[in-house]
Amino acid sequence: MVDQGRKYVFDFDSTLTRVEALDVLAEISLQGNANKDEIIREIQEITNLGIDGDISFTESLEKRIKLLNAHKSHLTQLVEQLRDKISKSIETNKDFFQNYTDDIYVISCGFKEFIDPIVKEYDIPSDKVYANTFKFDEDGNIIGFDEANVLASHNGKIECLKNLHLEGEVQVIGDGYSDYVMREAGIADKFFAYTENVSRDKATTNADHVTPNMDEFLFVNDLPRKISYPKNRIKILLLENVHPAAFHNLSEDGFSVELVKHSLPEDELIEKLKGVHVLGIRSKTQVTKKVLEAADKLLVVGAFCIGTTQIDLESAKKKGVVVFNAPYSNTRSVVELAIGEIITLMRNVFPRSQEIHNGQWNKTAANSREVRGKNLGIVGYGNIGKQLSVLAEAIGMRVYYYDVNDQLALGNAVKCNTLEDLLNVSDVVTLHIDDNQVNKNFIGEREINQMKNGAMLINLSRGFVVDIQALVAALKSGKIGGAAVDVYPEEPRSNGAFFTELQGLENVILTPHVGGSTEEAQRDIADFVPNKIMDYINSGNTVDAVNFPSIRLPRQTNAHRFLHIHKNVPGVMAKINKVLAEYEMNITGQYLSTDSDVGYVITDLDKKYNKEVIKALKKVENTIKFRVLY
């Protein structure tokens, strides 16, 4: 142990553990009691009043024990449950407690009967634990507490700490005002409000430092820890009303997350990205070269959608910013909408529905046809196209497809060698092509003229792939019998007024870019993209990145991990390894992946190392980004 000249005084309930132990004891002791929930709520209210100093602690303790109706045998169950309720970051940094055991104390208004066995597993001996003790009757019922114990009295923690006569800087770590009073009384030098499990205003407003987890506390004190940089210091900005599950997933992992419901124009985005490490967007936010150059802290961009043309991928790569998207999560949603629109267009349902809405009854079979036996032409036979192919065939359609890449047919689908071949034969043409700018006006006047008279056109891909004026003209002339359009060349940044020349045309279904917007798809995306982000931040994995060399890394165990992104020029790896050799680093694993522009090397090393090596690696010529993972 390195002597830092500090003493660390920890609270127990809601600090070392995620819970108030007496609340858990109440759950055990009141099992089967018809008024259990009501009594537990009352106990919790009394607990909070005591913690915030609104009633004396003695009064709080007396009232709670009376309500508990607990027995000595219940304590064994309590200890077992508390073992599973250690605060997450406390458990992760168990080494700190074991290595600094001589400098760690527990001062709690809880009870030694359940605190001792828990902290013993963290090498904190009983003589370093200061807490109350229960009184039992001859039958083992808990009937009270030792009133002579200083911790049973109001502000007893002050007197307890004073009596210890600790030398050096004394730091108190706890969640309540009753912990702060030791700092207020002048017998502790610093108070850290611990908010991993609960945040109490009276504690946080008076704290020298608010610490949302043990990692932050260790970081501030420059003490050994499991991770090099506390996750709460990693700022994540989620734009465009990303599904709340994304916020939950990232927050639950310890990151600081901000949600904004709409997209931001370039200047506002640049300002908002100051100090931000991760940006989450959908399709409207434009992450330009200018934005990337200004975002000096940015590590990752997560696109909560399929397309990535709104991001300057090359500029991101050259800045060492990794980009992830969700290429599969909304596939089913888009396919189901396409199937629904195929049937709706072929049956001419939309005009009949409008007529009923307008008070007109017009029962007719004119222009209403089954989809069975009709030809479906799928342009773009990727994930969506293939799944659509299977479902369309299942409802009796004959499927034809065209793709610029060689794609294997599923089922009885027929490959067309040219787009014209597909357009000539299809009763319905549905577009599922990517966001490459070469696809602008992919379907224009020439292509429409190659379609069968009265054929239907569906666009659920990208707004710019269809020449809207040419489509309008074809609909008005009857060349195209109907259309379903979900995407447009220009779309508003947020909900509100919108105009398109397609409005008001017969048998035209218009939707506001909702092809992939189902609750299921958005939830899947909100799981998939955050998992990729967290995997990169936490371990360095770049599997499924759209702009970066892919590396799948083994789990990191008891080692440091250096992540080095550099320009892919000759000699960089030699320079990196030369630095590692000069500092006598013991390498346990090294992983490299490159593309034409950048190289990404991960080096795993033994735990102990000279910190100067970090400065040296950052100075290696052609370094783009460097960070350390513990």
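Going by the structure above, here's the rest.
Residues numbered from 1 in each chain as written. Predicted model: local features only at pLDDT ≥ 70, side-chain atom pairs only at ≥ 80, totals over all residues. Heavy atoms only, no water.

(A) Spatial organisation of empty space enclosed by the protein. Scanning all chains against the criterion turns up two cavities of 30 Å³ or more. For the largest cavity, the calculated volume is near 60 Å³. Residue lining of the largest cavity: Phe12, Leu16, Ile86, Ile90, Phe97, Ile118, Val119, Tyr122 and Ile124, and that is the complete set. For the lining of the largest cavity, the secondary structure elements donating two or more residues are α1 (12-16) and α8 (112-120). (1 Å grid on protein atoms, 1.4 Å probe; cavity = no way out; pocket = protein on both sides within 12 Å on 5 of 7 lines; lining within 4 Å. Points joined across faces, edges and corners; volume = space filled by probe spheres on them. Helix = DSSP H or I, 4+ residues; strand = E, 2+ residues; numbered from the N terminus.)

(B) Inspection of the sheet that holds strand β23 (residues 598-605) at higher detail. Reading across the sheet, the four strands line up as β22-β23-β21-β24 and stay open at both edges, with antiparallel pairing between neighbours. With one partner strand each, in any of the chains shown, β22 (587-594) and β24 (623-629) form the two edges of the open sheet. With strand direction ignored, the average angle separating the axes of adjacent strands in the sheet is 10°. The strands touched by helix α23 (residues 519-539) are β21 (560-567), β23 and β24; relative to β24, the strand with the most contacts, the crossing angle is about 85°. Sheet strands in contact with helix α24 (residues 572-582) are β21, β22 and β23, and its direction is about 150° off that of β21. (Pairing = 2+ DSSP bridges. Axes fitted to C-alpha atoms, helices over the stretch in contact; angles between N-to-C directions. Contact = heavy atoms within 4.5 Å.)

(C) Expanded view of the sheet that holds strand β20 (residues 508-510). The strand order across the open sheet built from seven strands is β16-β15-β14-β17-β18-β19-β20, with neighbouring strands paired in parallel fashion. Looking at strand neighbours, the two that pair on one side only are β16 (414-415) and β20, the edges of this open sheet. Two elements, strand β15 (residues 398-402) and β16, share two bridges in a ladder whose sense is parallel. When the sheet's bridge partners are listed, tyrosine 401 is paired in β16 with lysine 415. Against the sheet, helix α22 (residues 468-477) makes contact with β18 (455-459), β19 (480-485) and β20, and its axis sits at roughly 140° relative to β19, the strand it touches most.

(D) Geometry of the pattern of salt bridges. Scanning the model with the defined rule gives 36 salt bridges in all. Between lysine 63 and glutamate 59 there is a salt bridge; the shortest N-O distance is 3.0 Å. Placement of both lysine 63 and glutamate 59 in helix α4 (residues 57-68) is noted, with a separation of four residues, approximately one turn of the helix. The class of glutamate 59 is partly exposed, set by a relative accessible area of 30%. With its nearest N and O atoms 2.4 Å apart, the salt bridge here joins lysine 157 to aspartate 179. (Salt bridge = Lys/Arg side-chain N within 4 Å of Asp/Glu carboxyl O. Buried < 20%, exposed > 50% of the residue type's maximum accessible area, 1.4 Å probe, protein only.)

(E) Structural view of the pairing of β19. For β19, the buried fraction is high: five of the six residues fall into the buried class. Both β18 and β19 contribute to a ladder of five bridges, which runs parallel. What sits directly across from methionine 456, in β19, is glycine 482. One crossover worth recording links β18 to the parallel β19 by way of α22, and it is right-handed. Relative to β20, β19 runs parallel, the two sharing three bridges. (Right-handed = clockwise from strand over helix to strand, strands pointing away.)

(F) Structural view of the side chain of serine 333. When you line up the elements, serine 333 lands in helix α17 (residues 331-346). Serine 333 has contacts with Gly515, Gly516, Thr518 and Ala521, leaving out every residue within four places of it along the chain.

(G) Expanded view of the packing of aromatic side chains. According to the stated counting rule, one finds 22 aromatic pairs in the structure shown. For the ring pair phenylalanine 192 and phenylalanine 217, a centre distance of 4.9 Å and an interplane angle of 85° mean the geometry is edge-to-face. Placement of the pair is phenylalanine 192 in strand β7 (residues 190-194) and phenylalanine 217 in helix α12 (residues 214-220), with a sequence separation of 25 residues. An aromatic cluster is defined as three or more aromatic residues linked by ring pairs; in this entry it consists of Tyr8, Phe10, Phe96, Phe97, Tyr100, Tyr122, Phe192 and Phe217. Its end group placed over the ring of tyrosine 105, lysine 128 keeps NZ or CZ at 4.8 Å from the ring centre. A cation over an aromatic ring shows up here: lysine 202 above the ring of tyrosine 177, its NZ or CZ 4.6 Å from the ring centre. (Phe/Tyr/Trp six-rings, centres within 6.5 Å; stacked < 30°, edge-to-face > 60°. Lys NZ or Arg CZ within 6 Å of the ring centre and 35° of its normal.)

(H) Expanded view of the nonpolar core. Residues Phe10, Phe96, Phe97, Phe114 and Phe217 are the most contacted members of the largest nonpolar core, which totals 52 residues. Per-element accounting of this core gives the leading share, six residues, to helix α2 (residues 21-29). Here phenylalanine 97 is in contact with Phe10, Leu16, Ile90, Ile104, Tyr122, Ile124 and Met214, once residues within four sequence places are set aside. Of all hydrophobic cores here, the second largest spans 33 residues; its members include Ala245, Leu299, Leu563 and Tyr600. (Core = buried A, V, L, I, M, F, W, Y, C linked by side-chain atoms within 4.5 Å.)

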